[in-house]
Amino acid sequence: MSKAEEKITVDDLIEKVSSYIEDKEQIDTIVKAYNFAKEKHKGQYRKSGEPYINHVMSVTMILISVYADYETIVAGLLHDIVSEAGVDISEVEEKFGSNIAKLVRGVTQLSKIHFSTENEYLIDYYKKIIVGMTEDVRVIIIKLADRLHNMRTLWAMPEDRQKVKAHEALEILAPIAHHLGIHKIKSELEDLSLRYLKPDVFYDIVEKLNKTKIERDKAVYDMEQEVTNLLNEHHIPHEIKGRAKSIYSIYNKLDKGKKFSDIYDLLALRILVNTEQECYLALGLIHSKFRPLPNRFKDYVAMPKANMYQSLHTTVFGIDGYLFEIQIRTYEMDEVAENGIASHWAYKENGGSNFAANFQSSTEQKLQLFKSIIDLSQDKLSSEEFVTGVQEEVLDDNIYCFTPKGDVIELPKGATPLDFAYKIHTKVGETTVGAIVNNNIVPLNHELQNNDIVKINTNKNSTPSKEWLNMVKAATTRNKIKSFFTKNDREIYVERGKYALEKELRKRKIAFNDFINDENIKIICEEIKVDDLEEIYLSIGNGKATVNGVINIIEKPEDIPTPKNIKITSKNTDADIIVSGIDKVKVNLANCCNPVYGDEIVGYITKGNGITVHRINCHNLDVLEDRTLEVSWNNNANKRYMTSLLIYANDSENHMLDLVQSVSTMNVSVDGVKTINRGDKAIYEINCYVTGLEQLNKLILAINKHNYIEKVERAMK
Ligand code: MN
């Protein structure tokens, strides 16, 4: 953090931006945004002690350095105005129009995400979320600039936060910058991350670079002269830049086992020429004078990288036997390489076009972006789900509408206010009486357009009409309306409950008629607070009660044969489980009921595979067979246990992000999430690692707090 950067004035900003934006009106809007932000952030300070506006100005300067267009710059100035200064987004829209408001809204939404880098799955997942949530790639660029400045001022944070933030920057944000081809931001994010994650390595490299600097500088200078003379002799106009390798890229090579002295492309030159043809001419001349290293030549001009990077790369034996990595590219290719997608603004605007025209639609932007992400992560074998999910999102023809509060609602093209209402919540849909779109009253079959702001009027006594089936577009809406009219829902549940009970009783070898007698029915009704047998079935059928829970009211769990009473004779303190009377025995945790530390457990002697530990109420235990034995948890056990939760939502919205967030904020690591059933009500299965029952119960409680949750249960297979 240079001192100069801390005091960026609006004049500095305008001077810099004027190098590529000439429109007077646009410059005026930038100044207006500056004044607005300054006013609203007045009295706010950063952890570093600086006035808040300094952060905002630094972020904006970063955006200007990658040639962001004026809307992005204005949104950069306003990027924290909603989340940090409490300004309403409608005020932004009023003052700066809907385009800029949309960008600010996007950045505000992104800043709400709590990232986690605990495992690969989550990293990929968050990358997808960031891209998937974002309507406009410019939002991501603002986010990257924001994060870059936060990384520059990371010293002001406590040490544990530094590591977390550095990890996020390295694992999630730098790769996104790379996908977007914004090398400038990517490389600084990486270097800053390394500085906080591995300070000793970082400073060691810095020191080594400093030590060899004079020697390297001289070699580079001499080589530059040689190459310049060569190109001048052949009348190729050019510029040569000595090129600093990023510290992170050196670290990467050292990490792969190279010695510092062996990193031969420490010496690097970049040659900029006017045309593609001159790139190849220059290459030919250089190879004719300096012997190229075999297998180091790469032609990214003819075959650009997925993020649009173009350049010729070669490594040659230069003067005094030094190896030089040389990049040859045109000025335009260089802009793209440094500033990525952002540089298109600068170039296309000069050509009279603009960003919006360059990317016909947000769909096209996304497609481009997703393509590069998928291309680049191929070797990491990103989950198939990721790829298909992305394709669906991109290829589906969707529109995006807003609630009056600014929440984005994704709908299929041709959707009506009814689709919108049901998408918010089934209850809202069912009680809809009217709709207001962009301040005009419209009929319920009105076709919504992209970016409409939709307000739904409801009346709690109102119910759906059959007519509605012809007024909606989304299949899910139609199903929801239909299911309202399916009066036999109750019957289905009762049937289902009865069937489940019969099946379980059969499994436990209990006669159905013995079990279902008047006395038992009375006890069960009292216990689960229902009125009659039909309601017992209903409770089981709709999941309010579990079938085992109901049976256990009568057939008490103690009925499981009590294990033989053997004194514990030894303790293997390394093991998680202590098996009575037996010292060295193979013990596995059953993966049907996934017991965790603290659960009531029982051991089951398997044929030839030691002892499998189940939860005491696991329905896979064949209690009639006397093969169980007493086991207990070792109190010294200190590990995490994999377990699996089934989470039933009461609607069909996608709550995955929210759920993963809740889980990860509780310091529980997630191994996988999947949606099991996507009908009217979504069911999620989360596999996670917990320290024990105590943490698991807390987690279940936390998940239950969301109002879209119907119930949470531990999975039993
Ligand atoms: Mn910020």
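See the structure above.
Note that the structure is predicted; figures quoted are calculated from it, not measured.

1. Considering the coordination of the manganese ion
Link 1 in the chain: Within the first shell, the manganese ion binds the protein through His 55 (NE2), His 79 (NE2), Asp 80 (OD) and Asp 146 (OD), at distances of 2.2 Å.
Link 2 in the chain: Considered as a linear motif, the donors of the manganese ion on their single chain read H-x23-H-D-x65-D. Here the residue His 79 occupies a position in the loop between helix H5 (70-77) and helix H6 (89-111), and Asp 146 occupies one in helix H8 (residues 137-152), the gap between them amounting to 67 residues. For the pair formed by His 79 and Asp 146, the shared burial category is buried.

2. Describing the side chain of Asp 599
Link 1 in the chain: Inspection of the secondary structure puts Asp 599 in the loop between strand E12 (587-589) and strand E13 (601-605).
Link 2 in the chain: Relative accessible area serves as the criterion here: at 8%, Asp 599 is assigned to the buried category.

3. Considering the nonpolar core
Link 1 in the chain: Core analysis: the largest hydrophobic core is formed by 63 residues, its most contacted members being Val 17, Leu 78, Val 92, Leu 144, Ile 185 and Leu 189.
Link 2 in the chain: For this core, the secondary structure elements donating two or more residues are helix H2 (10-17), helix H3 (24-40), helix H4 (52-65), H5, H6, H8, helix H9 (159-179) and helix H10 (183-197).
Link 3 in the chain: When neighbours within four sequence positions are excluded, Ile 185 is seen to be in contact with Ile 62, Val 66, Leu 144, Leu 148 and Ala 177.
Link 4 in the chain: Membership of the second largest hydrophobic core comes to 32 residues, among which are Val 579, Val 668, Tyr 684 and Ile 703.

4. Quick notes on the pattern of salt bridges
Link 1 in the chain: Applying the stated criterion to the full structure yields 20 salt bridges.
Link 2 in the chain: The salt bridge involving Asp 334 is made with Arg 270; its shortest N-O contact spans 3.4 Å. Of this pair, Asp 334 sits in helix H15 (residues 331-339) while Arg 270 sits in strand E2 (residues 268-273), and the two are 64 residues apart along the sequence. The pair Asp 334 / Arg 270 is uniform in exposure class, with both members buried.
Link 3 in the chain: Where Arg 329 meets Asp 334, a salt bridge forms, and the shortest distance between an N and an O atom there is 2.7 Å. Taken as a pair, Arg 329 and Asp 334 share a single burial class, namely buried.
Link 4 in the chain: Each member of the salt-bridge network shares a partner with another, and the members are Lys 241, Arg 270, Arg 329 and Asp 334.

5. Points about the sheet that holds strand E1 (residues 238-242)
Link 1 in the chain: Read from one edge to the other, the open sheet built from 5 strands follows the order E1-E2-E5-E4-E3, with strand pairing classed as mixed. Of all the strands in the sheet, just E1 and strand E3 (298-299) have a single pairing partner and so form its edges.
Link 2 in the chain: On the sheet, helix H12 (residues 213-233) packs against E1, E2, strand E4 (312-317) and strand E5 (323-330) and is oriented at approximately 170 degrees with respect to E1.
Link 3 in the chain: Where helix H14 (residues 276-289) meets the sheet, its contacts fall on E2, E3, E4 and E5, and the angle it forms with E5 comes to roughly 160 degrees.

6. Focus on the environment of Arg 296
Link 1 in the chain: Tracing the backbone through its elements, the reader meets Arg 296 in the loop between H14 and E3.
Link 2 in the chain: Overall, the relative accessible area of 22% leaves Arg 296 in the partly exposed class.
Link 3 in the chain: For the pair formed by Arg 296 and Val 316, sequence separation is 20 residues and the distance between their alpha carbons is 8.8 Å.

7. Considerations on the packing of H8 against H9
Link 1 in the chain: At a minimum axis separation of 11 Å, H8 and H9 run at an interaxial angle of 145 degrees. Helix-helix and strand crossings are classified by hand; for H8 and H9 the assignment is left-handed. Packed against H8, whose contacting residues are Ile 140, Leu 144, Arg 147 and Met 151, the element H9 presents Lys 165, Ala 166, Glu 168, Ala 169, Leu 173, Ile 176 and Ala 177 at the interface.

8. Considerations on the environment of Leu 657
Link 1 in the chain: When you line up the elements, Leu 657 lands in helix H28 (residues 656-665).
Link 2 in the chain: Residue classification places Leu 657 among the partly exposed positions, given a relative accessible area of 21%.
Link 3 in the chain: For the pair Leu 657 and Val 673, spaced 16 residues apart in sequence, the C-alpha separation works out to 9.9 Å.

9. Some details on unusual backbone geometry
Link 1 in the chain: A positive phi angle is found at Tyr 67, which is not glycine, with a value near 60 degrees.
Link 2 in the chain: Tracing the backbone through its elements, the reader meets Tyr 67 in the loop between H4 and H5.
Link 3 in the chain: According to the relative accessible area criterion, Tyr 67 is partly exposed, its value standing at 24%.
Link 4 in the chain: Backbone geometry places Asn 594, a non-glycine residue, at a positive phi of 40 degrees.

10. As for the sheet that holds E12
Link 1 in the chain: In space, the 4 strands of this open sheet follow the order E12-E14-E13-E15, with mixed pairing throughout. Across the chains shown, the open sheet's two edge strands, defined by having one partner strand only, are E12 and strand E15 (628-629).

About the thresholds
- Residues numbered from 1 in each chain as written.
- Predicted model: local features only at pLDDT ≥ 70, side-chain atom pairs only at ≥ 80, totals over all residues.
- Heavy atoms only, no water.
- Donors = N, O, S within 2.8 Å, 3.2 Å for Na, K, Ca; no water.
- Helix = DSSP H or I, 4+ residues; strand = E, 2+ residues; numbered from the N terminus.
- Buried < 20%, exposed > 50% of the residue type's maximum accessible area, 1.4 Å probe, protein only.
- Core = buried A, V, L, I, M, F, W, Y, C linked by side-chain atoms within 4.5 Å.
- Contact = heavy atoms within 4.5 Å.
- Salt bridge = Lys/Arg side-chain N within 4 Å of Asp/Glu carboxyl O.
- Pairing = 2+ DSSP bridges.
- Axes fitted to C-alpha atoms, helices over the stretch in contact; angles between N-to-C directions.
- Left-handed = near helix turned anticlockwise from the far one by under 90°.

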